[in-house]
Amino acid sequence: RRHAGHWDDHSAELAEHHRLAGPAYARPAWLFAHRTAESAIARSSHEDALHWLSVAGELQALDPLTTAEERESQHVMQAQALRMLGRPAEAWHPLAAAASSALERGDTERAARTLLAVNDGAVWGWRSVGEVDSDAIALWRSIRQRLDGRPVVAASVELAIEAEQIDDL
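About the thresholds
- Residues numbered from 1 in each chain as written.
- Predicted model: local features only at pLDDT ≥ 70, side-chain atom pairs only at ≥ 80, totals over all residues.
- Heavy atoms only, no water.
- Helix = DSSP H or I, 4+ residues; strand = E, 2+ residues; numbered from the N terminus.
- Buried < 20%, exposed > 50% of the residue type's maximum accessible area, 1.4 Å probe, protein only.
- Contact = heavy atoms within 4.5 Å.
- Salt bridge = Lys/Arg side-chain N within 4 Å of Asp/Glu carboxyl O.
- Core = buried A, V, L, I, M, F, W, Y, C linked by side-chain atoms within 4.5 Å.

(A) Representation of the environment of Ala37 in the model. When you line up the elements, Ala37 lands in helix H2 (residues 26–42). According to the relative accessible area criterion, Ala37 is buried, its value standing at 0%. Separated by 14 residues in sequence, Ala37 and His51 place their C-alpha atoms 7.9 Å apart. Among residues more than four places away in sequence, those in contact with Ala37 are Ala49, Trp52, Leu53 and Met77.

Quick look at the structure:
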């Protein structure tokens, strides 16, 4: 009651309070932690955002009501923070997890757009020269096969597949 109407100003405190209250309060705890991470990203405090996203992820695992879309959002935010910290290679894993989840739900376009975020704003590719990830290529191809009727997204995915394979040729 003390923070009613001022959730954003106290979301970190509320996240910790609910976390300490135990597993029965996992949902409000992770929602407040997620909100704190959003606020940190808005302030360009990406290390702080990563901390709160980690806390939120741990708490999501305790919440039986967490949806696939909520987990995907969590992964995408984590990747965004990592990219902003200049760690794009680390951003691949949460993006791949989110894209795989979207693909399993049948949301192919969301899966494609999620993975395409790995290269947003990048001048060069995000992988090290000589590094080829066959699992990543398989995921891209799986998405591409299901992108009927979305030519612009499909073309972007085709380019991403080619970029993934560049060192494999």
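The discussion continues.
(B) The side chain of His34, seen in detail. Along the chain, His34 turns up in helix H2. When residues no more than four places from it in sequence are discounted, the contact partners of His34 are Leu53, Ala56, Ser73, Gln74 and Met77.

(C) Summary view of the pattern of salt bridges. Counted according to the given criterion, the structure contains 13 salt bridges. Close ionic contact of Arg87 with Glu90 constitutes a salt bridge, the shortest N to O distance being 2.9 Å.

(D) Highlighting the nonpolar core. Counting 43 residues, the largest nonpolar core has Trp92, Leu115, Trp140, Ile143, Leu147 and Val157 as the members making the most contacts within it. Among the elements of the structure, helix H1 (11–20), H2, helix H3 (46–60), helix H4 (68–84), helix H5 (88–104), helix H6 (108–116), helix H7 (134–145) and helix H8 (151–165) are those that each provide at least two residues to this core. Apart from the residues lying within four places of it in its own chain, the contact partners of Leu147 are Thr108, Glu109, Ala112, Val153, Ala154 and Val157.

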